[in-house]
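Close look at the chain arrangement
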Amino acid sequence: MLTDTDIARAKHPQYRSLPFTGPVYVYSEMPTDINEKNEVILGGFFGKDLPQYPQYYQPFDERMSAAGNAAKPLSQLRELNPDRNAELDGVLRDSGLPETAIGYPPLRAKHLHLAVVVETGKGRIIRILNMNP
């Protein structure tokens, strides 16, 4: 859960308040400063992981290609979720792209692990799936 103090620390003004329209896509990277990195790592032991540090949020549109380049092959998602291949086939069909042009970076939410299906290289979000990444 984000506290008012956490939200006030956001680097980008658009993240200094909670959105009224629902979730907003952001990009976060682990900080490189050793003290900041340690704060995030230690916070994880108390249930406060990187998504609860708005100071590291960056506009997703500015970092889409990084998400696309970090995407794992869709074949790995198929291996992890063999009973969901029909669903993955549907996503692939709806995207109109070949399987080699689609991948997924894992997404951690507080109580969920999700797979963000993206166009590799570009990072354009195709769909977010509630399945083991």
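Provided above is the structure to which this section pertains.
This model, assessed by the stated rule, comprises 9 salt bridges. For E29, the salt bridge identified is with R63, shortest N-O distance 3.0 Å. On the criterion of sequence distance, the pair formed by E29 in the loop between β1 (26–28) and α2 (34–44) and R63 in helix α3 (residues 60–70) is long-range, its members being 34 residues apart. When its relative accessible area of 35% is taken as the criterion, E29 is described as partly exposed. Here E119 ties to R124 by a salt bridge, and the two come within 3.0 Å at their closest N and O atoms.

In this section: the nonpolar core. Ranked by size, the top nonpolar core spans 11 residues in total: L74, L77, L88, V91, L92, I102, Y104, A115, V117, L129 and M131. Put simply, the parts of the chain that give this core at least two residues each are α4 (74–80), α5 (85–95), β4 (102–104) and β6 (113–119). No other element matches α5, which puts 3 residues into this core. Beyond its immediate stretch of four places on either side in the chain, L92 contacts R78, L97, P98, E99 and I102.

Position of E119 relative to the elements: it lies in strand β6. Residues within four places of E119 in sequence aside, it is in contact with G68, L97, A101, R124 and I126.

Bringing the pairing of strand β7 (residues 125–129) into the picture now. The pairing of β6 with β7 spans 4 bridges and is classified as antiparallel. Note that in β7 the partner of V118 across the bridge is I125. Connecting the antiparallel pair β6 and β7 is a turn made up of 5 residues, with G121 showing a positive phi of about 80°.

Within α3, burial applies to F60, A66, A67 and G68. Buried residues in α3 make contact with β1, β2 (57–59), β6 and β7.

In this structure the tally under the stated criterion is 3 aromatic pairs. When the ring of Y15 is compared with that of Y57, the centres are 5.7 Å apart and the planes differ by 80°; the resulting orientation is edge-to-face. Taken together, the positions of Y15 in the loop between α1 (4–8) and β1 and Y57 in strand β2 put the pair 42 residues apart, joining distant regions of the chain. Note on accessibility: Y15 and Y57 belong to one class, buried. Both rings, one in Y53 and one in Y56, keep their centres 6.2 Å apart while their planes meet at 45°; by these two values the pair is tilted. Its end group placed over the ring of Y53, K48 keeps NZ or CZ at 4.6 Å from the ring centre.

Calculation notes
Residues numbered from 1 in each chain as written. Predicted model: local features only at pLDDT ≥ 70, side-chain atom pairs only at ≥ 80, totals over all residues. Heavy atoms only, no water. Salt bridge = Lys/Arg side-chain N within 4 Å of Asp/Glu carboxyl O. Helix = DSSP H or I, 4+ residues; strand = E, 2+ residues; numbered from the N terminus. Buried < 20%, exposed > 50% of the residue type's maximum accessible area, 1.4 Å probe, protein only. Core = buried A, V, L, I, M, F, W, Y, C linked by side-chain atoms within 4.5 Å. Contact = heavy atoms within 4.5 Å. Pairing = 2+ DSSP bridges. Phe/Tyr/Trp six-rings, centres within 6.5 Å; stacked < 30°, edge-to-face > 60°. Lys NZ or Arg CZ within 6 Å of the ring centre and 35° of its normal.

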